[in-house]
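# Descriptive structure summary
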Amino acid sequence: MPDATGLELIAQDLRAAHGDDAVLGTLFFRDKAAVDIAPARVRETLESLRERGFSFLASVHGLDYYPEEPRLGVQYELLDMYEVDRITVRLRVPLDAPTVPSVTPQWPTADHQEREVYDMFGVIFEGHPDLRRILMPEDYEGHPQRRDFPIGGEPVLFTHNEPRFPRYSQ
Amino acid sequence: MEVTRRQLGAGGMEEFRSRQLTARQMLQGDLEGPALDQHVEDSILTTTLDRAANWARANAMFPATFGLACCAIEMMSIVGARVDVARFGGEAFRASPRQADLLILSGRISIKMAPVVRRIYDQMIEPRWAIAMGACSSSMGVFNNYAIVPADKFMPVDVHVPGCPPRPEALMHGILRLRAMILAKPDLSWRTRYGGRGTEEFIESELAIDPVAGHAVGISGGGRMGTSA
């Protein structure tokens, strides 16, 4: 893991390469380094980190920070397999314009993971070759992992509520 | 009615031998009169065709080879030596729904999988039965959320086996309950069992072809599936 100082050095290099507005901040929490970036700069940032040795995109995550704004988040977990070193790249997008450049052209492994983030959270990855739902049926409405999505599923017939669903199984 | 128990014949083997000889005489046409009456009375069991058919069905169920989730592992183990489903003629898992008459829903059914399950059930031939195995396919279990539907919502289920997952013994108990159900009841088609007699299923579709025009060119009608009973 980069330590807190190492993280600051990485952030400094990213700022030098892509401008001050590319990196919004850093977080070193429980020995885990994370760098917050501007959504539009994700491709360049990930490319720079790949040149530093973080060549393996381990996973792409979606998050919902409801009720904070910007609400939706995407995290990229990067791994340096020579140094056994990890770093998290985080970005946040608002709900009314949830667009992030897709990194699938550079990291083919992100293909299905970006589709899943789109399916579950509704983040739109621009430049993705085939942005369709991956888990839910294609005619499904809504993004079920958002925090404001209703929890409840189907009513279930048990002995105690049988009178409430008289024609349940028909 | 008074029930009495009597010893058969003088000794087991002799009795058996004499019945064998009588049967041979009857086949040769040598048996006549009261001896023939007695032989027929001793060797014929009367029943109804329905009961005989149910007896045959209940003791030779053909489950579909169809596993959905972790319950499927428990389902596989009922074929093993410990709870040997072969004792009740259910060990032949068929790889095609066309050859199966029992669908064991072993696991959670997601809303994406539900149409597939329903199609497999529709492809099975009558008479057919379904067992919802485990908490998920009966009541969605721990997954009461956007992803899972209970089996009763889209197909008729005969037996629900609770558990998460149910032990093989529990599934075996469910199969035996189903067997008892088949043996006890006269066979009704599923339309009668689930109040659907005189109904039919079809997909609302803009592609529906006029059934009369369809017959002229050999197309069976529209987006219709299933037939009316």
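Each value, and the rule that gives it
Residues numbered from 1 in each chain as written. Chains lettered and ligands numbered in written order. Predicted model: local features only at pLDDT ≥ 70, side-chain atom pairs only at ≥ 80, totals over all residues. pLDDT = per-residue confidence, 0-100. Helix = DSSP H or I, 4+ residues; strand = E, 2+ residues; numbered from the N terminus. Contact = placed C-beta atoms within 7 Å. Axes fitted to C-alpha atoms, helices over the stretch in contact; angles between N-to-C directions. Parallel < 35°, antiparallel > 145°, perpendicular 65-115°, else oblique. Left-handed = near helix turned anticlockwise from the far one by under 90°. Nonpolar A, V, L, I, M, F, W, Y, C, P; charged D, E, K, R; others polar.

All names here are of chain B. On average, residues of chain B score 81 in pLDDT, and 81% of them reach the 70 mark or higher. Of all helices and strands in chain B, the one with the weakest mean pLDDT is strand S5 (residues 224–225) (44), whereas strand S1 (residues 102–106) scores best (94). Between residues 214–229, whose pLDDT stays under 50, and residues either more than four places distant or in other chains, the model counts 32 contacts.

All names here are of chain B. At a minimum axis distance of 8 Å, the contact between helix H3 (residues 49–58) and helix H7 (residues 168–184) shows a crossing angle of 165°. Of the possible angle classes, the one that applies to H3 and H7 is roughly antiparallel. Taken as a pair, H3 and H7 cross one another with a handedness that is right-handed. The residues of H7 that touch H3, namely those facing Asn54, Trp55, Arg57 and Ala58, are Arg179, Ile182 and Leu183.

Residue and element names in this part refer to chain A. Following both chains from N to C, one finds helix H1 (residues 4–18) and helix H2 (residues 42–51) inclined at 125°, their axes separated by 11 Å at the closest point. With respect to H2, the element H1 is oriented oblique. Like other packed secondary-structure pairs, H1 and H2 cross with a definite hand, here right-handed. Mapping the contact onto sequence places Leu14, Ala17 and His18 in H1 and Glu44, Thr45 and Ser48 in H2. For the contact of H1 with H2, the per-class residue count stands at two nonpolar, three polar and one charged.

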